[in-house]
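Residue-level listing of the chains:
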Amino acid sequence: MVQPNDVVNVLTFFVSGSGCIASQHGYQKDSLYRFGKFDACSAQWNDVKLAMKAKSTADPDEARRMLAETHYKKHLGSDLSVSPTAGAIWELKERPCWDEVEE
């Protein structure tokens, strides 16, 4: 049985992989700025392959376990603590301070 999109959304991983190699999204420029070299994007394309495998897995819990091991979930996504810029460009604060105003 194929997993539904709420369990495995292959498009998320495909967008991450294609965005990595596309110059219009600026990912390669960011990689050059942060690390001094271009990214081969192999981690992102391995994620696409793993997502396809997870999509075709019969057990939804196994599919979720597979996705938890992806580069996207470990290093990107929406969790700022695993951002590739945390520590390389800026220090991660325990508490965001954009609401604080210094006068």
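Residues numbered from 1 in each chain as written. Predicted model: local features only at pLDDT ≥ 70, side-chain atom pairs only at ≥ 80, totals over all residues. Heavy atoms only, no water.

J.: Requested: an account of the packing of aromatic side chains, with residues and values cited.
T.: Overall, the coordinates contain two aromatic pairs when judged by the stated rule. For the pair Phe 13 and Tyr 72, a centre-to-centre distance of 5.6 Å together with 75° between the ring planes defines the contact as edge-to-face. With Phe 13 in helix α1 (residues 10-21) and Tyr 72 in helix α5 (residues 71-75), this pair connects stretches of sequence that are 59 residues apart. On the basis of relative accessibility, which here comes to 22%, the residue Tyr 72 falls in the partly exposed class. (Phe/Tyr/Trp six-rings, centres within 6.5 Å; stacked < 30°, edge-to-face > 60°. Helix = DSSP H or I, 4+ residues; strand = E, 2+ residues; numbered from the N terminus. Buried < 20%, exposed > 50% of the residue type's maximum accessible area, 1.4 Å probe, protein only.)

J.: Talk me through the state of the cysteines; I want residue IDs and the actual numbers.
T.: Under the definition given, this model contains one disulfide. Disulfide pairing places Cys 20 opposite Cys 41 at an S-S distance of 1.9 Å. Measuring handedness by torsion sign, the sulfur bridge of Cys 20 and Cys 41 sits at about -85° and is left-handed. Here Cys 20, found in helix α1, pairs with Cys 41, found in the loop between α2 (27-35) and α3 (42-55); they are 21 residues apart in sequence, far enough to count as distant. (Disulfide = S-S within 2.5 Å.)

J.: So what about the pattern of salt bridges? Which residues, and what values?
T.: Where charged atoms from two side chains of opposite charge come close, those side chains can pair. In total, this model carries four salt bridges according to the counting rule given. Across the pair Arg 65 and Asp 59 runs a salt bridge whose closest N-O atoms are separated by 3.9 Å. Asp 59 gets classed as partly exposed once you look at its relative accessible area, which sits at 34%. As a salt-bridge pair, Glu 69 and Lys 74 come within 3.0 Å of each other at their nearest N and O atoms. If you follow the salt bridges from partner to partner, you end up with Asp 59, Glu 62 and Arg 65 in one network. (Salt bridge = Lys/Arg side-chain N within 4 Å of Asp/Glu carboxyl O.)

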